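Examination of the molecular architecture
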There are 2 protein chains.
Amino acid sequence: MAPRKTVGILGGGQLGRMLTHPAALLNIPLLILDKGEYTPAKQTLLAPSTLAHPDGPFTSEPHIRELAAACDVLTVEIEHVNADVLEAVEKEGLCEVQPSPATIRLIQDKYLQKKYLADRGIPVAPFAVVEQSTEANVKAVAGELGLPVMLKARTLAYDGRGNSPLKSTDSAAIAKSLEFLGDRPLYAEGWVPFVKEVAVMVVRNKAGEVRSYDAVETIHRDSILRVCLAPLRSGTAPGAEVDTGVNDKARQLAEKAVATLDGAGIFGVEMFLLEDGSLLLNEIAPRPHNSGHHTIEACHVSQFENHLRAILSLPLGDTSLRVPSAAMVNVLGVSGSMDPIDDIATNALSVPGASVHLYGKVESRAARKMGHITVTGGSDADVRAKVRTLLGHQPDLDAKFIDEVAPAPVKGHSHRQPLVGIIMGSDSDLPVMLPATKILDKFGVPYELTITSAHRTPDRMVTYARSAASRGLRAVIAGAGGAAHLPGMVASETSVPVIGVPVKASVLDGVDSLYSILQMPRGIPVATVGINNSTNAALLAIRILGTSVPLFQKDTEAYAKALEEEVIGKAGNLEELGWDKYVSDVLKK
Amino acid sequence: MAPRKTVGILGGGQLGRMLTHPAALLNIPLLILDKGEYTPAKQTLLAPSTLAHPDGPFTSEPHIRELAAACDVLTVEIEHVNADVLEAVEKEGLCEVQPSPATIRLIQDKYLQKKYLADRGIPVAPFAVVEQSTEANVKAVAGELGLPVMLKARTLAYDGRGNSPLKSTDSAAIAKSLEFLGDRPLYAEGWVPFVKEVAVMVVRNKAGEVRSYDAVETIHRDSILRVCLAPLRSGTAPGAEVDTGVNDKARQLAEKAVATLDGAGIFGVEMFLLEDGSLLLNEIAPRPHNSGHHTIEACHVSQFENHLRAILSLPLGDTSLRVPSAAMVNVLGVSGSMDPIDDIATNALSVPGASVHLYGKVESRAARKMGHITVTGGSDADVRAKVRTLLGHQPDLDAKFIDEVAPAPVKGHSHRQPLVGIIMGSDSDLPVMLPATKILDKFGVPYELTITSAHRTPDRMVTYARSAASRGLRAVIAGAGGAAHLPGMVASETSVPVIGVPVKASVLDGVDSLYSILQMPRGIPVATVGINNSTNAALLAIRILGTSVPLFQKDTEAYAKALEEEVIGKAGNLEELGWDKYVSDVLKK
């Protein structure tokens, strides 16, 4: 690593602040250019001993040149910088700039960015430039793209401040939109009926190597990111989404897009997921991104450390999740008062698995990003329940929004983030399978229950089985009777452990079901339990969950202890009553 | 949280540095007292805008008073501070001090500390004070405690600098020890034949509530901590250690000890684990401790954040591990050169799961703590293999030490950190069970294999089953024939999923084994696979592992794909050759 290069960052906000921590960990000297001596980023890393953080706007040429003179590599924490000066600084050999000024300039203009990506085969929404901001031109693009249409500022737009949806082309509506968007060059995008918004962080080094993080679901409100859920799962209701690998698909698309860009660093890639499982790229940020904040706790190497590694040509870090599930909740200013921020943070300290990140901003403003809270946990259900708690402490959020993001489970209905799936070939198996639900309820295991038959709904069964892993299931309990094919067929279409419950049919006492489930060929295992014993199937599923969630292991031990005490209690009772009385008073009741 | 109190820390080394990060995250104003403007801790958190970090020795009264005047709470990152001044500062109402000066003073004198703990029923090694450092007095305590005896400085001892083992009481040996220990008050401890050194971090708030972290195994070399393994496991060889809950026992002991002390903060509790599974408390540090550094990545709330929460009366944080396994490797200076440090750090950047922490120290010295590397992973085996890689890059470590800490696995022998246990009632079952080993080898799963019989070695079986979870096993494959009780009996003594393989005995075609394993009573599940099908037992174990280690899930998918391609290949071959030729050329070979 020696000699370590000095890094200069344009911008001293929270993203710069979060870059200072890995810089300190790796002894990387860092200088921050921003106005003020106490910006979020300047608070958390002293300038190297002989230097000082420059104090000035990150768009000012003399200040950028001052920074460049003291550094080996310049980078940005915001894309609204002066790309011309950065290009000059690099051309003059003053300082390296990563990512390349050309990439930053391209990304600054959302229309050029979209055109560039479309030209390289990246799927994007239909779009068209608005040459001048006149009513006639807007009408023309609306005619081309159809209504509703999204009018967007090409430059200097973030957190929704450059977007105006247009539902009609009457003059008043157009005038209102144009006034909102102000004096900026515009373009338009066709309406995208997405089912989810998705983001992927991608790190790229100078050699062009790219590594992506797991995709996340991003949830916005008033165009500002509020919640981020990692990893992205396929649809939550059984069979709701045919696509089984949306996470992988999103990563591949994001990697492909970033590979086309010049320069090194981390990139945030935002996408739309459509109902048919296809993805459209929305936009790219050439810097750390709010949708990657969870990577600090949840991944082996955070987006921030990987950005530094990339621009310094150090080995790219492991992007994989170190936890089964994670979420990020933004902490937004509610007003000019810091009190709500302090309250949100203090409440979060009592939520197990939550990590509070405040940004050291001295002033609060409504909708200003003041911090975020990351939650990590053993399961989506656990993390989502904690997200619900955290959102409940945010004064600007209503119950409807919270219920959409993190609904409370409803007894007798499938959980939205199940760990166990219970399936059976016919509703006639339900009485045999219900004891499994009682056990899972008793242990607080999130599960779903449905009917799918190997013989009567083969497509539904295959879809169910193929999506089991990407939906987050860790065990499938399948009950079947007679020529009981369901458990084995499901096992052959999934990598999730399948537990087979032989259901006693009208003949052969269940032995037919048992052999059909148990005697699988080498290669495809089914964990078989006793005939009609769905209780043990559920207990086995809980033991499997216990290998990743220690609580379930402890609960299994407690359950065994309770069984032991129950039997010992009965023995005591038997000894006390005598066996004749025991039979008449206890057994016969 | 508002109004947030200002915290002053005595000492500006790496522990202070690691306290600055959570302080920044929670917007806690912090001042560091230490000599110099660029100490490790001062580098990573600017003083609040109107203040400056005081520059002076952390033992100097005027500087402590200056710090106290600017702060609401003082705390320490080193116990060798001036407890009298701290007590005065608190008595005068200048500033609160946490943990209490009385606790710091008690801990500063190792003899008084030990006496205090022993008086409160905490088990410690036999010890005796050496009233004056004379040969006669040393001989007297050696006579009392037996040889060898450990002579220890009562004060100012750390990293082994205050310990001198004495194996004989001849005058030369005593003189040498006394010279080494210098002009400090001494005491002596009886020799402790420990099998492991163990540490537990405990956080205590002002109300006396204590929370412990999982216990860790600490590995020292030349009395300096080198490696820390979390969580502490019971013995690694089957049946080697009867005790099944050494982690819980260590936590309970540490909590009990810390509960007796005054004041709030994090405490590091070091213990010895003896061969019989009992624990002796060695010493307590009233501050963050090297054996808790892994908590930054591995636990929901780090020891550093919990220290701040405790001293500020904020809610204590979740101490649980967020990963299945973690380790910490110290980075020590080798010489005056920084190059070896840079090399160790750079090499670590290529190790997946590793997080590098350098301390920003400007000068290196042999054995100086310059940083540490944390590894988190899905299993002990994975983490240990990476520890092996990391240790291999440390120039002062020899192969023998590395092989002791992280031995390479040996084919055909049990892995030292197994995830799967294969057991059978008799060596005659081995041919049936060997295919399981082939599958586990193919997938790179760490496993152990041994013989234990329900009927012939019932005690051994119970010990094996009861320790399975605390040894880190995530599945047990048990093969048995005839009255096949082994799988079910093991399942009734563990919370780990048990997979039963019915072994076909000499009569009844294995149906007797099958029913004996499968038809378990409600409450105790066994995952049964087909008769003699240990291949499927191993594949099921791998599916279970895949619920916590994503790699195994991906490998299971690849395996199914390969099976599919194999069958399709055979079909193509059959079509090409025709069935008559296929039977004679392919099947008969």
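Residues numbered from 1 in each chain as written. Chains lettered and ligands numbered in written order. Predicted model: local features only at pLDDT ≥ 70, side-chain atom pairs only at ≥ 80, totals over all residues. Heavy atoms only, no water.

A word on the pattern of salt bridges. Taken as a whole and judged by the stated rule, the model has 60 salt bridges over all chains. One salt bridge connects Asp585 of chain A with Lys581 of chain A, and the closest N-O pair in it is separated by 2.9 Å. On the criterion of helical spacing, the pair formed by Asp585 of chain A and Lys581 of chain A is a turn pair, its members being 4 residues apart in helix H20 (residues 579-587). Look at Asp585 of chain A and you get partly exposed, because its relative accessible area is 28%. For Lys581 of chain A, a relative accessible area of 42% corresponds to the partly exposed category. Between Lys411 of chain B and Asp441 of chain B there is a salt bridge whose closest N-O contact spans 3.4 Å. Taken together, the residues Lys411 of chain B in the loop between helix H14 (399-405) and strand E18 (420-424) and Asp441 of chain B in helix H15 (residues 430-443) connect sequence positions 30 residues apart. If you follow the salt bridges from partner to partner, you end up with Glu61, Arg65 and Glu92 of chain A in one network. (Salt bridge = Lys/Arg side-chain N within 4 Å of Asp/Glu carboxyl O. Helix = DSSP H or I, 4+ residues; strand = E, 2+ residues; numbered from the N terminus. Buried < 20%, exposed > 50% of the residue type's maximum accessible area, 1.4 Å probe, protein only.)

Residues and elements named next belong to chain A. With 5 bridges connecting them, strand E18 (residues 420-424) and strand E19 (residues 447-451) associate as parallel partners. Across the sheet, residue Ile422 finds its bridge partner in E19, namely Leu449. Crossover E18 to E19 through helix H14 (residues 430-443) is right-handed. (Pairing = 2+ DSSP bridges. Right-handed = clockwise from strand over helix to strand, strands pointing away.)

Between chain A and chain B, the contact holds 89 residues from the first and 89 residues from the second. The contact between chain A and chain B buries some 7,200 Å² in all, and 55% of this surface belongs to carbon and sulfur atoms. Where chain A packs against chain B, one counts 2 salt bridges. Close ionic contact of Asp342 of chain A with Arg4 of chain B constitutes a salt bridge, the shortest N to O distance being 3.3 Å. There are 40 residue pairs in polar contact (both at pLDDT 80 or more) connecting chain A and chain B. Counting residues per element, the ones that place at least two in the side of chain A that touches chain B are helix H1 (14-25), helix H10 (303-311), helix H11 (339-348), strand E16 (354-358), helix H17 (511-518), strand E22 (527-528), helix H18 (534-546) and helix H19 (550-577) of chain A. Ranked by the residues each element gives to the side of chain A that touches chain B, the list is headed by H18 of chain A, at 7 residues. (Contact = heavy atoms within 4.5 Å. Buried area = accessible area lost by both parts, 1.4 Å probe. Polar contact = N/O pair within 3.5 Å; in protein donor to acceptor, adjacent residues only side chain to side chain.)

Attention now goes to the relation of the copies chain A and chain B. Superposition of chain A onto chain B requires a rotation of 180 degrees combined with a translation of 0.0 Å along the rotation axis, giving an RMSD of 0.1 Å. Put plainly, the chains are arranged around a two-fold axis. (Least-squares fit on C-alpha atoms with pLDDT ≥ 70 in both.)

Another aspect to go through is the side chain of Lys361 of chain A. Residues and elements named next belong to chain A. In this fold, Lys361 is placed in the loop between E16 and strand E17 (369-377). The buried charged residue Lys361 lacks any salt bridge partner; its closest oppositely charged side chain belongs to Glu77, at an N-O distance of 8.4 Å. From its side chain, Lys361 meets the backbone oxygen of Lys369 in a polar contact 2.7 Å long. (Lys, Arg positive; Asp, Glu negative; His and termini not counted.)

Strand pairs in the sheet, formed through backbone hydrogen bonds, run parallel or antiparallel to each other. Residues and elements named next belong to chain B. Pairing in this open sheet of 4 strands is antiparallel, and the strands run E5-E8-E6-E7 from one edge to the other. Each of the sheet's edge strands pairs with one partner strand only, and the pair in question is strand E5 (127-130) and strand E7 (163-166). Strand-to-strand twist of the sheet, defined as the mean angle between neighbouring strand axes without regard to direction, takes the value 25 degrees. Pairing analysis gives 4 bridges linking E5 to strand E8 (residues 186-190), with the strands arranged antiparallel. Bridge pairing in E8 places Val130 opposite Leu186. Running at roughly 145 degrees to E5, helix H6 (residues 110-119) makes contact with E5, strand E6 (149-153), E7 and E8 of the sheet. Contacting E5, E6, E7 and E8, helix H7 (residues 135-145) runs over the sheet at an angle of about 170 degrees to E5. (Axes fitted to C-alpha atoms, helices over the stretch in contact; angles between N-to-C directions.)

A separate point is the domain arrangement of chain A. Split into domains, chain A comes out as domain 1 (7-97), domain 2 (126-190), domain 3 (194-405), domain 4 (420-546) and domain 5 (550-587). Of note, the centres of domain 1 of chain A and domain 2 of chain A, computed from C-alpha atoms alone, are 35 Å apart. (Domains from an automatic or database assignment.)

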